[in-house]
Amino acid sequence: MGKGGEKLEVKKGRKISLEELSAHRTPNDAWLAYQGKVYDVSGWEDHPGGSVIFTHAGDDCTDIFAAFHPISAVKDMERFE
């Protein structure tokens, strides 16, 4: 588990539990948590790293994201909020 908390935030301030996050684990229904915020990357076949993004669907990807992306990549995540 990365640096998320018990409750994660998704669009418009709605709180998402880790249990709800974990229900979204497939490529067509893929949510990721990064630094406590949830992103819906469902069906994102254009990820530069390919389908590897879906290996962390339904989980906190804070640590793994930081290991493989420059900090400037965080701005690109805004479209998935």
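Heads up: these notes are all about the structure in this document. (Residues numbered from 1 in each chain as written. Predicted model: local features only at pLDDT ≥ 70, side-chain atom pairs only at ≥ 80, totals over all residues. Heavy atoms only, no water.)

Here's the deal with the packing of aromatic side chains
Piece 1. Following the criterion strictly, the structure yields two aromatic pairs and no others.
Piece 2. An angle of 55° between the planes, with centres 4.7 Å apart, marks the rings of Tyr34 and Phe65 as tilted. One end of the pair, Tyr34, is in strand E4 (residues 29-34); the other, Phe65, is in helix H2 (residues 62-68), and 31 residues separate them in sequence. Neither Tyr34 nor Phe65 differs from the other in exposure class; each is buried.
Piece 3. Taken together, a centroid distance of 4.5 Å and an interplanar angle of 45° make the contact between Trp44 and Phe80 tilted. Linking Trp44 in the loop between strand E5 (37-40) and strand E6 (59-60) with Phe80 in the segment after helix H3 (73-76), this pair joins segments that are 36 residues apart in sequence. Considered together, Trp44 and Phe80 belong to a single accessibility category, that of buried residues. (Phe/Tyr/Trp six-rings, centres within 6.5 Å; stacked < 30°, edge-to-face > 60°. Helix = DSSP H or I, 4+ residues; strand = E, 2+ residues; numbered from the N terminus. Buried < 20%, exposed > 50% of the residue type's maximum accessible area, 1.4 Å probe, protein only.)

Considering the layout of surface pockets
Piece 1. Computed from the structure, the largest pocket encloses a volume of approximately 470 Å³.
Piece 2. Along its surface, the largest pocket is lined by 20 residues, and Trp44, His47, Ile53, Phe65 and His69 are the ones closest to its centre.
Piece 3. Listing elements by their share of the lining of the largest pocket, those giving two or more residues are H2 and H3.
Piece 4. Per element, the largest residue contribution to the lining of the largest pocket is three residues, and it comes from H2.
Piece 5. Split into classes, the residues belonging to the lining of the largest pocket amount to 14 nonpolar, four polar and two charged. (1 Å grid on protein atoms, 1.4 Å probe; cavity = no way out; pocket = protein on both sides within 12 Å on 5 of 7 lines; lining within 4 Å. Points joined across faces, edges and corners; volume = space filled by probe spheres on them. Nonpolar A, V, L, I, M, F, W, Y, C, P; charged D, E, K, R; others polar.)

Some remarks on the pairing of E4
Piece 1. Within E4, five of the six residues are buried, leaving the element largely enclosed by the surrounding structure.
Piece 2. Taken together, strand E3 (residues 25-26) and the strand that follows it, E4, pair antiparallel across an intervening segment of two residues.
Piece 3. Hairpin connection of E4 to E5: two residues between the antiparallel strands, including Gln35 at a positive phi of 50°.
Piece 4. Taken together, the two bridges between E4 and E6 define a ladder with parallel strand orientation. In the sheet register, Leu32 faces E6, and the bridge partner there is Asp59. (Pairing = 2+ DSSP bridges.)

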